[in-house]
Amino acid sequence: MCGIVGYIGVKPVKQILIDGLRELEYRGYDSAGIAVLQNNTFSLFKAVGKLVNLEEKAKNFETEGFSIGIGHTRWATHGKPTELNAHPHLGENSYVVHNGIIENYQELKASLMAQGVQFLSQTDTEVIVHLFEHHLKTASDAFDAFKKTLVQLEGAYAILLINSNESGTIFFAKHGSPMIIGRNEAGEILFGSSDAALIGKCHEVIYLEDGHYGYGSAKGISLFDQNHQPVALRFSPLAENKLSAQKEGYRFFMEKEIYEQSRVLADTLMGRLRDESVYFEEIDPELFQGINEIKLCACGTSYHAAMVASYLFERHAKIKTSVEIASEFRYREPFLTQDTLFVVISQSGETADTLESLKMAKKFGLKTMVICNVDNSSMVRLADASILTRAGIEKGVASTKAFATQVCVLWMLSLSLAGERHTLEASEIQNQIHLLRTLPSTVTVDSALHEQLRRLSKRYLHGHGFFFIGRDVFFPLALEGALKLKEISYLHAEGYPSGEMKHGPIALADPKLFTIALLPQHKLYDKTKSNIEELSARDSTICSISPLDFDKADDHIRTKPSEHYMCEFFEMMVVLQLLSMEIAIRLGNDVDMPRNLAKSVTVE
Ligand code: AGP
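Residues numbered from 1 in each chain as written. Predicted model: local features only at pLDDT ≥ 70, side-chain atom pairs only at ≥ 80, totals over all residues. Heavy atoms only, no water.

## Let's talk about the pattern of salt bridges
Side chains that carry opposite charge are capable of pairing whenever their charged atoms lie near each other.
Working step 1: Scanning all chains against the criterion turns up 34 salt bridges.
Working step 2: In this structure, Lys 484 and Glu 480 form a salt bridge, with 2.5 Å as the shortest nitrogen-oxygen distance. Separated by four residues within a single helix, Lys 484 and Glu 480 lie in helix 16 (residues 474-489), roughly one turn from each other. Here the two residues Lys 484 and Glu 480 agree in accessibility, since each one is buried.
Working step 3: If you follow the salt bridges from partner to partner, you end up with Lys 256, Glu 260, Arg 263, Asp 267 and Lys 401 in one network. (Salt bridge = Lys/Arg side-chain N within 4 Å of Asp/Glu carboxyl O. Helix = DSSP H or I, 4+ residues; strand = E, 2+ residues; numbered from the N terminus. Buried < 20%, exposed > 50% of the residue type's maximum accessible area, 1.4 Å probe, protein only.)

## Comments concerning the site of the ligand
Working step 1: Looking at the ligand, there are 14 residues lining it, with Ser 302, Ser 346, Ser 348, Thr 351 and Glu 487 nearest.
Working step 2: Ser 346 places a polar side-chain atom, nitrogen or oxygen, 2.7 Å from an oxygen atom of the ligand.
Working step 3: Between the ligand and the protein, one listed contact pairs an oxygen atom with a side-chain N or O atom of Thr 351 at 2.5 Å.
Working step 4: For the ligand, the protein covers 91% of the area, taking 410 Å² as the surface of the free molecule.
Working step 5: If you list the elements that add at least two residues to the shell around the ligand, you get helix 8 (300-317) and helix 16.
Working step 6: Class assignment for the residues of the shell around the ligand results in four nonpolar, eight polar and two charged. (Near = heavy atom within 4 Å. Polar contact = N/O pair within 3.5 Å; in protein donor to acceptor, adjacent residues only side chain to side chain. Areas by Shrake-Rupley, 256 points an atom, 1.4 Å probe, with all protein chains shown as cover. Nonpolar A, V, L, I, M, F, W, Y, C, P; charged D, E, K, R; others polar.)

## Considering the nonpolar core
Working step 1: Membership of the largest hydrophobic core comes to 92 residues, with the highest contact counts inside it found for Met 369, Phe 466, Met 566, Phe 569 and Phe 570.
Working step 2: A per-element tally of this core places helix 18 (residues 565-586) first, with 15 residues.
Working step 3: Contacts of Phe 569, omitting those with residues within four sequence positions, involve Val 308, Phe 403, Val 407, Val 473, Phe 474 and Leu 477.
Working step 4: Grouped together as the second largest cluster of nonpolar side chains are 30 residues, Val 36, Phe 45, Ile 180 and Ala 197 included. (Core = buried A, V, L, I, M, F, W, Y, C linked by side-chain atoms within 4.5 Å. Contact = heavy atoms within 4.5 Å.)

## Here's the deal with the sheet that holds strand 3 (residues 41-48)
Working step 1: Spatial strand order, 3-2-4-1-10-9-11-14: eight strands in an open sheet with antiparallel pairing. Of all strands in the sheet, those with a lone pairing partner are strand 3 and strand 14 (236-237), marking the two edges.
Working step 2: Sitting on the sheet, helix 1 (residues 13-22) touches strand 1 (3-9), strand 2 (31-38), strand 4 (67-74) and strand 10 (189-192), and the angle it makes with strand 4 is about 25°. (Pairing = 2+ DSSP bridges. Axes fitted to C-alpha atoms, helices over the stretch in contact; angles between N-to-C directions.)

## Some remarks on the packing of aromatic side chains
Working step 1: Evaluation of the coordinates by the stated rule reveals 22 aromatic pairs.
Working step 2: With 6.2 Å between their ring centres and 40° between their planes, Tyr 460 and Phe 466 make a pair best called tilted. Neither Tyr 460 nor Phe 466 differs from the other in exposure class; each is buried.
Working step 3: Ring geometry for Phe 569 against Phe 570: centres 5.5 Å apart, planes inclined by 70°, an arrangement best described as edge-to-face. Of the two residues examined, Phe 569 and Phe 570, each falls in the buried class.
Working step 4: Chaining the aromatic ring pairs together yields one cluster made of Phe 132, Phe 143, Phe 146, Phe 171, Tyr 213, Tyr 215 and Phe 224.
Working step 5: The aromatic ring of Phe 235 is capped on one face by Arg 183, whose charged end is 3.7 Å from the ring centroid.
Working step 6: Sitting over the ring of Tyr 565, Lys 523 keeps its end group 4.4 Å from the ring centre. (Phe/Tyr/Trp six-rings, centres within 6.5 Å; stacked < 30°, edge-to-face > 60°. Lys NZ or Arg CZ within 6 Å of the ring centre and 35° of its normal.)

Here it is as C-alpha cells:
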C-alpha cells in the first residue's frame, strides 16, 4: 500500500509533506518523493530507500509563503524500486502521485506512445499524467482535462495531480484506494491516504468515497461524484491516536490484515486475468522452455502455500512438482536435474534458509523464480524471474494476507502453465478465471461469522492440544491453521492429512483433544467426513468447518456454499485466521508480536 500526502497553505511545505509521509511509513515502501509548486515553479525530490534519503536530497530546499505540494511513498508493484519509478511522475508541466493499480495502463501507454509521448518509468502511474496533458490540449480547462482522464482509467486509484498553470490547485480522485481530505482553522487543506498522516495537522476530515473527485485550492474544496454531480462537504472529527489510526481502528495489525485480504487480493489479481488466460507481464514464457519439473522451496507459512501449489500444478499443468522445506533442502545433498524450475516462495524475500536454497539451485544451474511480497529483496534480486504478490506491508508476525496472495498467485500460475501446456480445456481455464475474480468477495469477513468465532473461542482455551485435519489442498491449509494457532496462542496444535488419523494420531482422541476439521463440499467430502466420524466416535471434541451441516460435530462453522473447492479453501482460511486470533486475544497474548518470533528469519 503506497502512502500519499498533499498540502495547500502558507507553511513550509517540504517538512509538512515529509512528516506526513513519515506517519505512513508503517505501510511499507521502497522509495519516496515530493513535488512542490510555488509561483508556477516546480521543485521535485525523489529517493530510493528510506525517507532520510529523501530528506538529504531536499535539505537545502525551503519555501516561504503560499505553496502546494504532493508526496508519495511507493511499494513497488509495477517496475523496480528506482528513482525513475518513484512518484511523483512528471508529464510536461504536471506531476501526479497515485496509490492503486491502473489495470488498463498498457493500452493507454501504447496509445500515448503512438502519439509520440515519451515515458520515463516502468510504472502504470505515469500514464495518468501523460493522459491528463493529452486532454489538456483540447479540454476547456485543467479540471475538464482531469475529468476526461479519470473516465479512461480502469482499476484502483487514489490520485493527487498538480499542474504548473494551476499553481494553487490540487486535483484529486478516489476509486478503490483510500483518500482523505482534512482542513484546519488556518484554512490549510491536507490530503492523505490514511488519517495517520493528518493527525495533529487538522481536526476535521472527509473520507472520500469511490467515484469522488475534485480539486482543492486556497478557496476551499470542490467535490463531485461519479455522475459529475456536486457533493456536499461533510466533515467528521479526526481520530487523535496515531497507532489506532495505523491500525485503522482494528485491535491488532493482524486483524486489519485479515480484513484487508479482500482489497489486496484485488490488487494481486489486477491486470493478470484475461477472459481466457492468466497473464504475468513480468514473466517471459521462455522461462518454462525445457522445464519438465517444478521444485518449490520455502519455510513456514510460505511452505504451506508451496504445498497447495504442488496439488494445483500437477492437477492443472500436469507437471511433476515437488516441495521442499528450505532448512532441510540446504543440507540433504539433493539430486537436481537441469530441466527443473526452482521456485522459492517468501513474503520477505530475506529468509535465510530459503535464500541459501535459492543460491544452491542457481549454483546447480537451474532456472529460478521467486514469488515474493517485497520488491528489491535479496531473493527478487537473485532469482531469474519474480512475481510480486502485492500484499503490501504485513506488520503482523503471523502471516495472513501474504499467505492469501501467495496461494492466489500460485493458483493463477498453475492456470497460466496449463494454458501454455494445453493441459486444461479452455472452458475450464475460463471457469477458474471467473472463480479467481470472486476471491475478493470470498475473503470479505462476515461480521456475524467473526462474532460467532469470537464467542466460540472461549471454549478452546485449554485442552491438551489441537488436531487440524483436511485432505488435498485442505491438508496444507490444516497445517497453516495449526501454525497460526501455535504462533499466537502458544497452544499445541498439529496439522494432519485427515486420512492419517487411523495410523496413530487417533490414539490421542478424547474429549480434551480438539479437532478442527476442514470439510469442503467439493473435494473428497465423504472421505473426510468418515475420518472425522472416526474421531467423533472416540469422543474427540470436534469443530467442523463446512458449507454443509455435520451432526457429529460439537461445534460447527457453516461457510457459504460455493461452486469450487478453491473458493472453499479461501473462505476456510479466513475462518482459521480469525479463530486463532480470537483464541490468542482471550489468552491475552500480543497477537502482532508473539513471543520468540521475528517477522523475517534472516538467520539460520
Ligand atoms: C508464518 O506466520 C510465519 N511468519 C513464518 O512461518 C513465515 O511464514 C516464515 O518465516 C517464512 O517467512 P517468509 O515468507 O518471509 O520467507
